[in-house]
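# Examining the three-dimensional arrangement
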Amino acid sequence: MLELRDYQKRSLDALESYLRLTVQHGAKTAFVVQTERPYRAVPQLPELPYLCLRIPTGGGKTLMACHALGIATKEYLQAERAVCLWLVPSNTIRDQTLAALRDRQHPYRQAVDAHFGGLVTVMDLTEALYVTRGTLAGETCIIVATLAALRVEDTEGRKVYESSGALMDHFSGLSAELEALLERNGNGIIPYSLCNVLRLWRPVVIMDEAHNARTQLSFDTLARFNPSCIVEFTATPETTHKPEKGQFASNILHHVSAAELKAEDMVKLPIKLETRSEWKEVLAEALKTQRTLEGLALDEEKQTGEYIRPIVLLQAQPKHKDKETLTVEVVRQSLIDDFHIPEDQIAVATGQTREIDDVDLFARDCPIRFIITVAALKEGWDCSFAYVLCSVAEIGSARAVEQVLGRVLRLPRATRKRHAELNCAYAIAASRQFIEAATSLKDALVDNGFQRMEAELFVASEQTQATFFGAGTLFFEAKQVVSEQPDLTTLPAGLQERVTFDPQTQTLTVTKYLTEQDKDELDRCFSTPEGKQSVEAVFRLSRGQPAAAQPPADRGPFRVPMLAIRVDNQLELFEEGHFLDVGWRLSQCDAGLSEAEFPSEEYVSGTAGEIDVTDQGKVEVHFVDQIHRQLRLLGMEPGWDTAGLTNWLDRQIHHPDIVRTESTLFIYQALTGLVQSRGLTIEKLAGEKFRLRTALADKIDQHRRAAAVQAFQRTLFSATPAVVEVGPEIVLEYMLERYAPNWYYDGSYRFHKHYFPLVGELRSEGEEFQCAVFLDQLDTVKWWLRNLERRSEFSFWLQTSTDKFYPDFVALLTDGRILVVEFKGEHLWSNDDSKEKRAVGDLWADRSNGTCLFVMPKGTDWGAIQAKLN
């Protein structure tokens, strides 16, 4: 089974946490608690969890969707199987998804099977019209369709709402409570329709890049199926929220940055842009780039055995009846006549001509190196051998290149290449204005799910946009497209004469070079962080330098010693395995569940531990309870005994560190204790088995943590501690290509000493931000870095008894020492977690023989940092 990347795990962890919160508090409250952002409910489905995971192009959305189905079933439906309505944007994607999910050897199907024990049936909409009751009751059933096909005006869609004798069995013996949930026709009769079958089973809806799905019509359609939740996966979620106009913004639960994809070797970045004024020069440059890359690919194959044949995607112009254009035919003939490219190396992929359909582009005997298209390749087309995007016409807008650009981003085999050039993508365009071409390319990256700051960072070129004027005197004219209109009236008269702004092209132009004082004056003309970032770029361009400042990372390595332990005279990175291997017996721990841990009466979500619950919140929680009750009414529960329920619970609780003989004995003791002390029956406990599973998992984790704390203290801080060392043998080296923030600092303060160009995951206000500013302004700090959490391979961490601890900031001092700072609010400074972090941080510093320092200031006590440096 294909292993998930770390960023995918983080996204799915966010989904799992949200769904658990939703069971307790409802969709709206859970979203606000987890994201600190407002939740925008859909009028037709006000209590329903409708959320979005934003994943850029190339991020593996479909694989994540397969796991999301398993998570939603277990954590939200609290069931062993589910009905899933899997919606895609087109028939082409539908066919590809069906083929993948039906193939038991495909990673998508393997992911689904892992969650449901292989009891999975995949079908299209036509097959679903004949699905049996036994299939829905006994297996997870995935119905793949387009949203358009479910609309009543569609021929196929009408059948979904029509009565069918093939579905009659689903409606026999239903209770009045279940019948009340079904649609009725004008005569008050319940149709035996697929729509009503789905209403019974409360489908989980997966929206896989379903474009234009957040509309009034779409919501009306979805509401008819009475879904339990909707999870949307997309690179470009809807951000406009104007309900009065039928526009509803997506509830973005979690987003993945392009930097995270790059760090995990999923995409080719940066994109190197070249422009040429004539279209045949563009073709010549594309040909040269392809041949260079193919030569490197041959050498790569000699070193690694991996075969790559770099492909150029050529974007031609459509035919126009009133003027001559650079059509597919013109470009193809030029490749043959002017550049002597063999015809079998050229393929055309347009709506009318589909020469790459059913062609295995990865095959060694495939000769294709150039694919000519116009607007977009066939939906769902994907070939990671595509390295070069070549546009023979002016890039007029982001839309002109958006869809084709996404085709050159995926990295072959999602593995970093030894030749750095094979880790990049290339864009070559016919343009007389480099800035305009770069802007369109950046906009297209945003349309592929990049954040704006990343788009600025990942479009690279050697061009500086400097031009020469005057007789023998060097003057610079610098141009930069900006995101806002500056107020230039505040500039001093002399500077005002040299700075102009063109509102038509949003271009700021500066003649002659800018001084630092000029830059400060110009900076005040802008109000947004993006505008101020543009001032920095135009300042550098005015001096003939690249627009992006050269970060300290280009001036030397940044290495931080890790905490290591000596085992059999060998140094190893100190991790949990070095103390958790010490055995502990779960079966000897207290298995009793208190009334607080597992209430005897059926738990009514929202009445215990609620967070600012309103009447609406109670309605939302009731919505979840109704789903659980409805699915229980449909379920076919077997007869239960203590041994059977013990084994079921053991399979449902993840415990790779505990042998089965220990876990089953503990669970058996817990069950018999509930029966004997509270008079509960096994049948009653089986009816609450998912709630019982959660309570027991929490209890086991409580004992696990207690055992870990004892073992950790014994290993590091006992009278006879293990030998731990900090030195140059085991270090973390920070690298730009591995620095992968999920989001970026966007405040007005401009940091000067951050090791990388952009500061990751730092808010623009608050005490943690003040700590960063303090470090940035210290004379003794050479440079510093915002250390990212949960990036174990690329960030500095110290092992604690429960997990890895990622301090907030790591700095290199001017005297060569390393300073690690963990900010902690005054109200948290004295708790057990903070005490343990200080202890292990101080131990790390102590074992470094004075080369490393650790400090945890109490709130805003910045003097503690200064004192540590003295």
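As shown above, the structure is provided for reference.
These remarks concern the structure in this document. (Residues numbered from 1 in each chain as written. Predicted model: local features only at pLDDT ≥ 70, side-chain atom pairs only at ≥ 80, totals over all residues. Heavy atoms only, no water.)

## Things to note about the packing of helix 24 (residues 660-678) against helix 26 (residues 689-717)
Packed helix pairs are specified by the crossing angle of their axes together with the interaxial distance, meaning the distance between the axes. Packing of helix 24 against helix 26 brings their axes to within 12 Å, and their N-to-C directions diverge by 125 degrees. One way to sum up the angle between helix 24 and helix 26 is to call them oblique. Crossing hand, helix 24 versus helix 26: right-handed. Where helix 24 abuts helix 26, its residues Phe666, Ile667, Ala670, Leu671 and Leu674 lie against Leu692, Leu696, Lys699, Ile700 and His703. (Axes fitted to C-alpha atoms, helices over the stretch in contact; angles between N-to-C directions. Helix = DSSP H or I, 4+ residues; strand = E, 2+ residues; numbered from the N terminus. Parallel < 35°, antiparallel > 145°, perpendicular 65-115°, else oblique. Left-handed = near helix turned anticlockwise from the far one by under 90°. Contact = heavy atoms within 4.5 Å.)

## Remarks on the sheet that holds strand 2 (residues 83-88)
A sheet is described by the order of its strands in space; here 7 strands give the open sequence 3-4-2-5-6-1-7, paired in parallel fashion. Of all strands in the sheet, those with a lone pairing partner are strand 3 (120-124) and strand 7 (252-255), marking the two edges. Averaged over neighbouring strand pairs, the angle between their axes works out to 20 degrees when direction is ignored. When strand 1 (residues 50-54) meets strand 7, the two strands line up parallel, connected through 3 bridges. Paired with Cys52 across the strands is Ile252, a residue of strand 7. Running over the sheet, helix 5 (residues 107-116) touches strand 3 and strand 4 (140-146) and is turned about 135 degrees from strand 3. (Pairing = 2+ DSSP bridges.)

## With respect to the sheet that holds strand 25 (residues 818-821)
In space, the 4 strands of this open sheet follow the order 21-24-25-26, with mixed pairing throughout. Each end of this open sheet is capped by a strand with a single partner; those strands are strand 21 (781-786) and strand 26 (852-855). Across the sheet, the mean angle separating the axes of adjacent strands is 20 degrees when strand polarity is ignored. Of the strand pairs in this sheet, strand 24 (residues 809-813) and strand 25 are connected by 4 bridges, and their pairing is antiparallel. Within strand 25, the residue paired with Val810 across the bridge is Val820. Contacts from helix 27 (residues 767-776) reach strand 21, strand 24 and strand 25 within the one sheet, and its direction differs from that of strand 21 by about 155 degrees. Packing of helix 28 (residues 832-846) onto the sheet brings it into contact with strand 25 and strand 26, and relative to strand 26 it is tilted by some 165 degrees.

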